[in-house]
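Spelled out from the first residue to the last, the chains are:
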Amino acid sequence: MEDSIFINTLVASIATVFVYSVLKILYFVWWRPKRVEKYFRQQGVKGTSYKLFLGDTKDLVKSAMEAWSKPMALTHHIVPRVEPFIHQMVQKYGKICMCWKETTPSLIVADTELMKLVLANKNGHFVRLPSNPLVDLLQMGVISLDGQKWAKRRRIITPAFHFEKLKEMIPAFATSCSNLVERWTKLVSPEGSYELDVSAEFHNVAVDVLSRTVFGSSYEEGKKIFQLQKEQTVLAVEAYQSFYIPGFRFIPTRKNRKRYDLDRGIKTTLRAMIHKKEQAIKNGEFLGNDLLGLLLQCKEQSDSDMTVEDVIEECKLFYFAGQETTANLLTWTLITLSMYPDWQQKARQEVLQICGKGNIPTAENISHLKIVSMLFCK
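Analysis parameters
Residues numbered from 1 in each chain as written. Predicted model: local features only at pLDDT ≥ 70, side-chain atom pairs only at ≥ 80, totals over all residues. Heavy atoms only, no water. Domains from an automatic or database assignment. Contact = heavy atoms within 4.5 Å. Buried area = accessible area lost by both parts, 1.4 Å probe. Salt bridge = Lys/Arg side-chain N within 4 Å of Asp/Glu carboxyl O. Polar contact = N/O pair within 3.5 Å; in protein donor to acceptor, adjacent residues only side chain to side chain. Nonpolar A, V, L, I, M, F, W, Y, C, P; charged D, E, K, R; others polar. Core = buried A, V, L, I, M, F, W, Y, C linked by side-chain atoms within 4.5 Å. Buried < 20%, exposed > 50% of the residue type's maximum accessible area, 1.4 Å probe, protein only. Helix = DSSP H or I, 4+ residues; strand = E, 2+ residues; numbered from the N terminus.

Considering the domain arrangement of the protein chain
A common way to express how large an interface is: the accessible area buried when the components associate.
Here's step 1: Considered domain by domain, the protein chain is made up of domain 1 (1-126) and domain 2 (151-188 + 195-339).
Here's step 2: The C-alpha-based centres of domain 1 and domain 2 are spaced at 32 Å.
Here's step 3: With eleven residues of domain 1 in contact, the opposing surface of domain 2 contributes nine residues.
Here's step 4: Surface buried jointly by domain 1 and domain 2 totals about 900 Å² across both partners, of which 75% is contributed by carbon and sulfur atoms.
Here's step 5: At the junction of domain 1 with domain 2, the criterion picks out zero salt bridges.
Here's step 6: At the junction of domain 1 with domain 2, the criterion picks out zero residue pairs in polar contact (both at pLDDT 80 or more).
Here's step 7: Looking at side-chain class alone, the side of domain 1 that touches domain 2 contains six nonpolar, three polar and two charged residues.

Re the nonpolar core
Here's step 1: If you look at the biggest cluster of nonpolar residues, it comprises 27 residues, and the most contacted ones within it are Phe 215, Leu 270, Leu 292, Val 311, Cys 315 and Tyr 319.
Here's step 2: Taken together, the elements giving at least two residues each to this core come down to helix H7 (147-157), helix H10 (198-215), helix H11 (219-240), helix H12 (254-282), helix H13 (291-299) and helix H14 (308-339).
Here's step 3: If one sorts the elements of this core by residue count, H13 sits on top with six residues.
Here's step 4: Not counting the four nearest positions on each side in its chain, Val 311 is found in contact with Ile 274, Leu 292, Leu 295, Leu 296, Lys 299 and Met 306.

Points about the environment of Glu 37
Here's step 1: With respect to the helices, strands and loops of the structure, Glu 37 is situated in helix H1 (residues 2-42).
Here's step 2: The exposure class assigned to Glu 37 is buried, which follows from its relative accessible area of 8%.
Here's step 3: On a C-alpha basis, the gap between Glu 37 and Ser 49 in space is 7.3 Å, while along the polypeptide they are twelve residues apart.
Here's step 4: Ignoring sequence-local partners within four residues, the contact set of Glu 37 consists of Ser 49, Tyr 50, Met 98 and Trp 100.

Here it is as structure tokens:
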């Protein structure tokens, strides 16, 4: 009799847990998204309807692949190329509309005045969406923080990016750029021309610059870290474009093992470099001309709660974000200069006038390059 009661209780408990789990899943993947969608519709916000699990992920990937598969015209109308899905949404539903990243709604704001209002808000309502843990392996750092944690981390690391600190890195910038110019000069044929992909060239020079400025004398090891991060980026993009099932990161699939092997390799190398840099700082051998050493100095501030792991993530973030943005900015600048040869000539004359022919620019020279600065800022 007691055994029968025990079995019935066990079955009832299992059934209860099963039903609760199913209801909870239904709530998160269907009922809550549809309720949020209905709320936005009542507010007059148009947009796509929620699709089970994936949301608009497939459409986002498809629009990007279509846009990037076609040659780009020489025009400043770049939004359809850079953000094709958002451009299509704004064209179809208006400057304030909504789409879906898996089960999470995203509000698209393309009204400039409203954008300023949102980004200038100090109440902490503008928070970052939860991200895929497999994507987070690529980088975390200050960009992943919110609220007071973000403000404190930003305040702690900001001194590392002051102009006086950056001036110390100009020789490293100059070395990388001089090597690039020397390489291009050797490629020019006797006829005086040579065609090459400047985007690939600028990605390589950005890696070299970042390796020197982030890691200083250990820049060759820095290049190895970048190669590992490059492989991690491919896997992170794939994870971002896929629907993440909670707990999937713990399943030892081939790609997951690869992700964690790369992560361990990057962190192990960085820890060794940090230990080496800490010893240099203790021995008074640090010259203040690389980001890793400056971050370690920030870590030692009295009000800092940064750990070695935080320093590692900041280095990964700076390396990943800096390489792509720098290379793309330089590439687009050359494209726009080719569209406006008169400004190309003005910039060249200014550089020759202030720096002189064949001379490497100094910090003082750079501060007087008004036209060149305007070209990069605009």
